[in-house]
Amino acid sequence: RAVHCYLASLPAVAAVSGGRYAVLTSLQEVSVQDAPGSLVDLRLPPAPLSVQVSLEPTILALGDEHVAVGINNAVEYRSLRTGAAVLGREYNGSVDALRIN
């Protein structure tokens, strides 16, 4: 019998908006936290939030009520309230950066 161990690391993918920050915590999960000392937005569920995504993102953006993840030319937008997909889109060219107003 043999035990095989594989060392893997996630790329550092993160975003900040207001008093919250989002970090890629697994290949298909984004965690959203309140920054220490920040005011809490009562319209959203209390942090920490865990949002499941269908992509394995290389870029990430955080807004007041949404999170966006992308890889190559595909971007997925999800609600922070429900975690549900709001929009999935494929662009003609590669997406280098994301911003949510």
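The structure contained in this document is the topic of the report that follows. (Residues numbered from 1 in each chain as written. Predicted model: local features only at pLDDT ≥ 70, side-chain atom pairs only at ≥ 80, totals over all residues. Heavy atoms only, no water.)

Observations regarding the pairing of strand 8 (residues 85–90)
To be explicit about the condition: Three labels apply to residues, based on accessible area from a 1.4 Å probe with only protein chains included: buried if under 20% of the type maximum, exposed if over 50%, partly exposed otherwise in between. Helix and strand assignments follow DSSP, with helices taken as H or I runs no shorter than four residues and strands as E runs no shorter than two, numbered in order from the N terminus. Pairing between strands is defined by DSSP: at least two bridges between the two strands are required.
Across the 6 residues that make up strand 8, only a small minority, 0, are buried. As judged from the 5 bridges shared by strand 7 (residues 74–79) and strand 8, these two strands associate in the antiparallel manner. Note that in strand 8 the partner of Ala74 across the bridge is Glu90. The turn joining strand 7 and strand 8, which pair antiparallel and follow one another in sequence, is formed by 5 residues; a positive phi near 80° is taken by Gly83.

A word on the sheet that holds strand 2 (residues 20–26)
Spelled out, the test is: Comment: axis = line fitted to C-alpha atoms, over the contacting stretch for helices; angle = value between 0 and 180 degrees taken between N-to-C directions.
Read from one edge to the other, the open sheet built from 4 strands follows the order 1-2-3-4, with strand pairing classed as antiparallel. Edge strands, defined here as strands with exactly one partner in the open sheet, are strand 1 (14–17) and strand 4 (49–52). Taking each pair of neighbouring strands and ignoring which way they run, the sheet shows an average axis angle of 25°. Note: strand 1 against strand 2, 4 bridges, orientation antiparallel. Bridge assignment links Val16 to a residue of strand 2, and that residue is Tyr21.

Things to note about the side chain of Glu76
What counts is decided by this rule: Each polar contact in these results corresponds to two N or O atoms within 3.5 Å; when the atoms are within protein, one needs to be able to donate a hydrogen and the other to accept it, and residues that are neighboring in sequence are counted only if both atoms are side-chain atoms. It only takes one pair of heavy atoms within 4.5 Å for two residues to be counted as in contact.
By the element assignment, Glu76 lies in strand 7. Side-chain polar atoms of Glu76 contact the side chain of Ser54, separated by 2.4 Å. Separated by 2.9 Å, the side chains of Glu76 and Arg78 make a polar contact. The contacts of Glu76, once residues within four sequence positions are left out, are Val53, Ser54, Leu55, Val67, Ala68, Val69, Leu87 and Gly88.

As for the environment of Ser17
In this structure, Ser17 sits in strand 1. What makes Ser17 buried here is its relative accessible area of 16%. Along the primary structure Ser17 and Arg99 are separated by 82 residues, whereas in three dimensions their C-alpha atoms are 9.9 Å apart. In contact with Ser17, other than residues within four places in its own chain, are Leu62, Gly63 and Asp64.

Don't take any of this as a statement about function, it's just geometry.
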